[in-house]
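Listed below are the residues making up each chain.
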Amino acid sequence: MTSKRSFINLRRENIKHRIGMIFITFFFFFLSMLAFLMSVQNICGRDIKTEEIIKGITALSRPEMGMGLLSMGAAVLLAISSFRYLHSKTEVDLYHSLPIKRREILYIMLTNDIVLFVMPLAIITVFRCAVTATVGYLSRGFLAGSFWSVLCYTAIFAVTYLTMSLAMLMTGNTFIGLLGFCVFAGYSPVVLCLLYPALASTFFITYCDTGTNLEIYSYFSPVSLANLLLSGFNV
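Here's a quick rundown of the structure.

Conventions used here
Residues numbered from 1 in each chain as written. Predicted model: local features only at pLDDT ≥ 70, side-chain atom pairs only at ≥ 80, totals over all residues. Heavy atoms only, no water. Axes fitted to C-alpha atoms, helices over the stretch in contact; angles between N-to-C directions. Helix = DSSP H or I, 4+ residues; strand = E, 2+ residues; numbered from the N terminus. Parallel < 35°, antiparallel > 145°, perpendicular 65-115°, else oblique. Left-handed = near helix turned anticlockwise from the far one by under 90°. Contact = heavy atoms within 4.5 Å. Nonpolar A, V, L, I, M, F, W, Y, C, P; charged D, E, K, R; others polar. 1 Å grid on protein atoms, 1.4 Å probe; cavity = no way out; pocket = protein on both sides within 12 Å on 5 of 7 lines; lining within 4 Å. Points joined across faces, edges and corners; volume = space filled by probe spheres on them. Core = buried A, V, L, I, M, F, W, Y, C linked by side-chain atoms within 4.5 Å. Buried < 20%, exposed > 50% of the residue type's maximum accessible area, 1.4 Å probe, protein only. Polar contact = N/O pair within 3.5 Å; in protein donor to acceptor, adjacent residues only side chain to side chain.

Relative to each other, helix H2 (residues 19-44) and helix H3 (residues 50-59) sit at 165°, their axes nearing to 10 Å. Judged on the interaxial angle alone, H3 and H2 are roughly antiparallel. Note on packing geometry: the crossing formed by H2 with H3 is right-handed. Residue-level contacts link Val 40, Ile 43 and Cys 44 of H2 to Ile 53, Gly 56 and Ile 57 of H3. The residue makeup of the contact of H2 with H3, split by class, is five nonpolar, one polar and no charged.

Time to look at empty space enclosed by the protein. A full pass over the atoms with the stated rule returns one cavity of 30 Å³ or more. Lining of the largest cavity is provided by Ser 61, Met 67, Leu 121, Ile 124, Thr 125, Arg 128, Ser 146, Ser 149, Val 150 and Tyr 153. Elements represented by at least two residues in the lining of the largest cavity include exactly helix H6 (102-135) and helix H7 (140-170). A class-by-class count of the residues in the lining of the largest cavity yields five nonpolar, four polar and one charged.

Before going further, it helps to spend a moment on the nonpolar core. Ranked by internal contacts, the top residues of the largest apolar core, which has 39 residues, are Phe 29, Ile 105, Met 109, Phe 117, Tyr 161 and Met 164. Within the residue set of this core, elements represented by two or more residues are H2, helix H4 (65-83), helix H5 (89-96), H6, H7, helix H8 (174-203) and helix H9 (222-232). The element contributing the most residues to this core is H4, with ten residues. The contact partners of Met 109, leaving out residues within four places of it in the chain, are Asn 14, Arg 18, Ser 82, Phe 83, Tyr 85, Tyr 95 and Tyr 161. Counting nine residues, the second largest nonpolar core, distinct from the first, contains Phe 36, Cys 129, Val 131 and Tyr 137.

Turning our attention to the side chain of Thr 58. Tracing the backbone through its elements, the reader meets Thr 58 in helix H3. Side-chain polar atoms of Thr 58 contact the side chain of Ser 139, separated by 3.4 Å. Every residue in contact with Thr 58, bar those within four places of it in the chain, is listed here: Ser 139, Gly 141 and Phe 142.

Spatial relationships are all this shows, so hold off on functional conclusions.
Laid out in C-alpha coordinates, this is it:
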(Lines give C-alpha, C1' and ligand atoms only; values in the text may rest on other atoms or scores of the structure.)
Protein backbone atom coordinates (compact mmCIF):
# COMPACT_ATOMS: atom_id res chain seq x y z
CA MET A 1 0.00 0.00 0.00
CA THR A 2 2.83 2.38 0.83
CA SER A 3 4.50 1.65 -2.49
CA LYS A 4 1.24 2.24 -4.38
CA ARG A 5 0.66 5.60 -2.67
CA SER A 6 4.26 6.57 -3.33
CA PHE A 7 3.87 5.62 -6.99
CA ILE A 8 0.81 7.86 -7.41
CA ASN A 9 2.35 10.71 -5.43
CA LEU A 10 5.56 10.54 -7.43
CA ARG A 11 3.57 10.72 -10.67
CA ARG A 12 1.73 13.78 -9.40
CA GLU A 13 4.90 15.46 -8.22
CA ASN A 14 6.57 14.74 -11.53
CA ILE A 15 3.72 16.45 -13.36
CA LYS A 16 3.81 19.42 -10.96
CA HIS A 17 7.48 19.95 -11.73
CA ARG A 18 6.63 19.92 -15.46
CA ILE A 19 4.35 22.96 -15.43
CA GLY A 20 6.90 24.98 -17.37
CA MET A 21 7.34 22.23 -19.97
CA ILE A 22 3.57 21.89 -20.29
CA PHE A 23 3.17 25.59 -21.02
CA ILE A 24 6.07 25.58 -23.51
CA THR A 25 4.66 22.54 -25.33
CA PHE A 26 1.15 23.95 -25.54
CA PHE A 27 2.50 27.32 -26.66
CA PHE A 28 4.31 25.89 -29.66
CA PHE A 29 1.36 23.69 -30.54
CA PHE A 30 -0.84 26.78 -30.29
CA LEU A 31 1.42 28.50 -32.81
CA SER A 32 0.99 25.47 -35.04
CA MET A 33 -2.80 25.84 -34.85
CA LEU A 34 -2.54 29.52 -35.78
CA ALA A 35 -0.34 28.65 -38.76
CA PHE A 36 -2.91 26.06 -39.88
CA LEU A 37 -5.76 28.58 -39.62
CA MET A 38 -3.81 31.09 -41.68
CA SER A 39 -3.04 28.47 -44.32
CA VAL A 40 -6.69 27.41 -44.57
CA GLN A 41 -7.77 31.03 -44.82
CA ASN A 42 -5.28 31.70 -47.61
CA ILE A 43 -6.39 28.63 -49.57
CA CYS A 44 -10.10 29.38 -49.17
CA GLY A 45 -9.55 32.99 -50.16
CA ARG A 46 -8.16 32.10 -53.57
CA ASP A 47 -10.32 32.24 -56.67
CA ILE A 48 -9.88 28.58 -57.58
CA LYS A 49 -12.08 25.54 -58.08
CA THR A 50 -13.50 23.54 -55.19
CA GLU A 51 -11.44 20.48 -56.14
CA GLU A 52 -8.24 22.51 -55.91
CA ILE A 53 -9.26 23.93 -52.53
CA ILE A 54 -9.90 20.41 -51.19
CA LYS A 55 -6.57 19.26 -52.61
CA GLY A 56 -4.72 22.18 -51.02
CA ILE A 57 -6.34 21.69 -47.60
CA THR A 58 -5.75 17.93 -47.74
CA ALA A 59 -2.06 18.62 -48.33
CA LEU A 60 -1.98 20.49 -45.01
CA SER A 61 -2.82 17.27 -43.17
CA ARG A 62 0.33 15.47 -44.32
CA PRO A 63 3.52 15.34 -42.24
CA GLU A 64 5.49 18.57 -42.40
CA MET A 65 9.03 19.47 -41.45
CA GLY A 66 8.01 22.17 -38.97
CA MET A 67 5.97 19.80 -36.83
CA GLY A 68 8.69 17.18 -37.16
CA LEU A 69 11.28 19.60 -35.74
CA LEU A 70 8.82 20.54 -33.00
CA SER A 71 8.42 16.85 -32.12
CA MET A 72 12.18 16.38 -31.92
CA GLY A 73 12.64 19.52 -29.85
CA ALA A 74 9.89 18.49 -27.43
CA ALA A 75 11.46 15.03 -27.08
CA VAL A 76 14.89 16.48 -26.29
CA LEU A 77 13.54 18.94 -23.71
CA LEU A 78 11.31 16.37 -22.01
CA ALA A 79 14.10 13.81 -21.82
CA ILE A 80 16.48 16.36 -20.32
CA SER A 81 13.93 17.49 -17.73
CA SER A 82 13.15 13.87 -16.81
CA PHE A 83 16.65 12.47 -16.42
CA ARG A 84 18.68 15.47 -15.30
CA TYR A 85 18.22 14.24 -11.73
CA LEU A 86 20.79 11.55 -12.52
CA HIS A 87 23.45 14.28 -12.65
CA SER A 88 22.76 15.39 -9.07
CA LYS A 89 23.85 13.21 -6.15
CA THR A 90 21.21 14.72 -3.88
CA GLU A 91 18.34 14.03 -6.28
CA VAL A 92 19.62 10.53 -7.05
CA ASP A 93 19.68 9.70 -3.31
CA LEU A 94 16.17 11.13 -2.95
CA TYR A 95 14.68 9.14 -5.84
CA HIS A 96 16.45 5.91 -4.90
CA SER A 97 15.31 6.21 -1.27
CA LEU A 98 11.64 6.07 -2.30
CA PRO A 99 9.84 2.78 -1.54
CA ILE A 100 9.26 1.93 -5.20
CA LYS A 101 11.35 0.12 -7.78
CA ARG A 102 13.66 2.04 -10.08
CA ARG A 103 11.99 0.60 -13.16
CA GLU A 104 8.72 2.08 -11.90
CA ILE A 105 10.41 5.49 -11.67
CA LEU A 106 11.48 5.04 -15.29
CA TYR A 107 7.92 4.01 -16.19
CA ILE A 108 6.56 7.19 -14.59
CA MET A 109 9.00 9.37 -16.54
CA LEU A 110 8.22 7.68 -19.86
CA THR A 111 4.44 7.66 -19.53
CA ASN A 112 4.23 11.26 -18.28
CA ASP A 113 6.39 12.52 -21.14
CA ILE A 114 4.41 10.58 -23.73
CA VAL A 115 1.16 12.03 -22.39
CA LEU A 116 2.63 15.56 -22.40
CA PHE A 117 3.35 15.17 -26.11
CA VAL A 118 0.47 13.02 -27.38
CA MET A 119 -2.27 14.96 -25.59
CA PRO A 120 -1.64 18.35 -27.28
CA LEU A 121 -0.94 16.55 -30.56
CA ALA A 122 -4.35 14.87 -30.36
CA ILE A 123 -6.00 18.19 -29.48
CA ILE A 124 -4.40 19.85 -32.50
CA THR A 125 -5.49 17.01 -34.79
CA VAL A 126 -9.10 17.22 -33.60
CA PHE A 127 -8.96 21.01 -33.94
CA ARG A 128 -7.72 20.80 -37.51
CA CYS A 129 -10.43 18.32 -38.44
CA ALA A 130 -13.07 20.53 -36.80
CA VAL A 131 -11.85 23.61 -38.68
CA THR A 132 -11.80 21.73 -41.97
CA ALA A 133 -15.32 20.39 -41.35
CA THR A 134 -16.53 23.91 -40.45
CA VAL A 135 -15.38 25.36 -43.77
CA GLY A 136 -16.93 22.38 -45.54
CA TYR A 137 -13.83 20.74 -47.00
CA LEU A 138 -13.31 17.75 -44.72
CA SER A 139 -12.47 14.70 -46.81
CA ARG A 140 -11.36 11.14 -46.35
CA GLY A 141 -7.92 12.11 -47.60
CA PHE A 142 -7.63 14.75 -44.88
CA LEU A 143 -8.56 12.24 -42.18
CA ALA A 144 -6.07 9.70 -43.54
CA GLY A 145 -3.34 12.33 -43.74
CA SER A 146 -4.04 13.48 -40.19
CA PHE A 147 -3.86 9.92 -38.87
CA TRP A 148 -0.61 9.28 -40.73
CA SER A 149 0.84 12.55 -39.42
CA VAL A 150 0.05 11.59 -35.83
CA LEU A 151 1.83 8.25 -36.33
CA CYS A 152 4.87 9.94 -37.89
CA TYR A 153 5.19 12.61 -35.20
CA THR A 154 4.76 10.05 -32.44
CA ALA A 155 7.43 7.79 -33.96
CA ILE A 156 9.82 10.73 -34.33
CA PHE A 157 9.16 11.79 -30.75
CA ALA A 158 9.66 8.27 -29.38
CA VAL A 159 12.95 7.64 -31.21
CA THR A 160 14.34 11.08 -30.34
CA TYR A 161 13.22 10.78 -26.73
CA LEU A 162 14.81 7.37 -26.24
CA THR A 163 18.04 8.53 -27.90
CA MET A 164 18.25 11.62 -25.69
CA SER A 165 17.40 9.54 -22.61
CA LEU A 166 20.22 7.14 -23.46
CA ALA A 167 22.61 10.07 -23.79
CA MET A 168 21.52 11.41 -20.39
CA LEU A 169 21.96 7.97 -18.80
CA MET A 170 25.45 7.49 -20.23
CA THR A 171 26.81 10.92 -19.29
CA GLY A 172 27.18 12.86 -16.06
CA ASN A 173 26.36 16.35 -17.30
CA THR A 174 23.47 17.86 -19.23
CA PHE A 175 25.70 19.63 -21.75
CA ILE A 176 27.71 16.44 -22.32
CA GLY A 177 24.42 14.63 -22.71
CA LEU A 178 23.44 17.02 -25.51
CA LEU A 179 26.79 16.38 -27.19
CA GLY A 180 26.21 12.65 -26.78
CA PHE A 181 22.81 12.99 -28.44
CA CYS A 182 24.44 14.81 -31.36
CA VAL A 183 26.89 11.92 -31.71
CA PHE A 184 24.14 9.28 -31.59
CA ALA A 185 21.93 11.24 -33.99
CA GLY A 186 24.69 12.14 -36.42
CA TYR A 187 26.74 8.95 -36.53
CA SER A 188 24.43 7.06 -38.88
CA PRO A 189 23.62 9.78 -41.48
CA VAL A 190 27.03 11.48 -41.39
CA VAL A 191 29.52 8.63 -40.89
CA LEU A 192 27.75 5.56 -42.25
CA CYS A 193 25.77 7.17 -45.08
CA LEU A 194 28.11 9.98 -46.19
CA LEU A 195 31.67 9.60 -44.93
CA TYR A 196 32.08 5.84 -45.31
CA PRO A 197 30.89 5.62 -48.97
CA ALA A 198 33.07 8.60 -49.88
CA LEU A 199 36.18 7.09 -48.29
CA ALA A 200 35.42 3.58 -49.53
CA SER A 201 34.96 4.72 -53.14
CA THR A 202 38.23 6.64 -52.91
CA PHE A 203 40.49 4.02 -51.35
CA PHE A 204 38.84 0.69 -52.25
CA ILE A 205 39.05 -0.23 -55.94
CA THR A 206 36.59 -3.09 -55.47
CA TYR A 207 33.97 -0.94 -53.72
CA CYS A 208 30.60 -0.92 -55.47
CA ASP A 209 27.80 1.37 -54.33
CA THR A 210 24.49 -0.23 -55.28
CA GLY A 211 22.42 2.35 -53.38
CA THR A 212 20.57 -0.27 -51.36
CA ASN A 213 23.16 -1.34 -48.79
CA LEU A 214 22.94 1.96 -46.92
CA GLU A 215 19.16 2.33 -46.74
CA ILE A 216 18.92 0.38 -43.50
CA TYR A 217 21.14 2.95 -41.76
CA SER A 218 18.39 5.55 -42.16
CA TYR A 219 16.57 3.85 -39.29
CA PHE A 220 19.53 4.14 -36.90
CA SER A 221 19.22 7.88 -36.24
CA PRO A 222 16.25 10.05 -35.20
CA VAL A 223 17.38 12.69 -37.70
CA SER A 224 17.51 10.40 -40.72
CA LEU A 225 14.33 8.61 -39.60
CA ALA A 226 12.51 11.93 -39.33
CA ASN A 227 13.72 12.94 -42.78
CA LEU A 228 12.57 9.57 -44.15
CA LEU A 229 9.09 9.85 -42.62
CA LEU A 230 8.55 13.51 -43.45
CA SER A 231 9.81 13.53 -47.02
CA GLY A 232 10.00 9.94 -48.19
CA PHE A 233 6.42 8.77 -47.70
CA ASN A 234 3.08 10.34 -48.43
CA VAL A 235 -0.50 9.14 -48.15
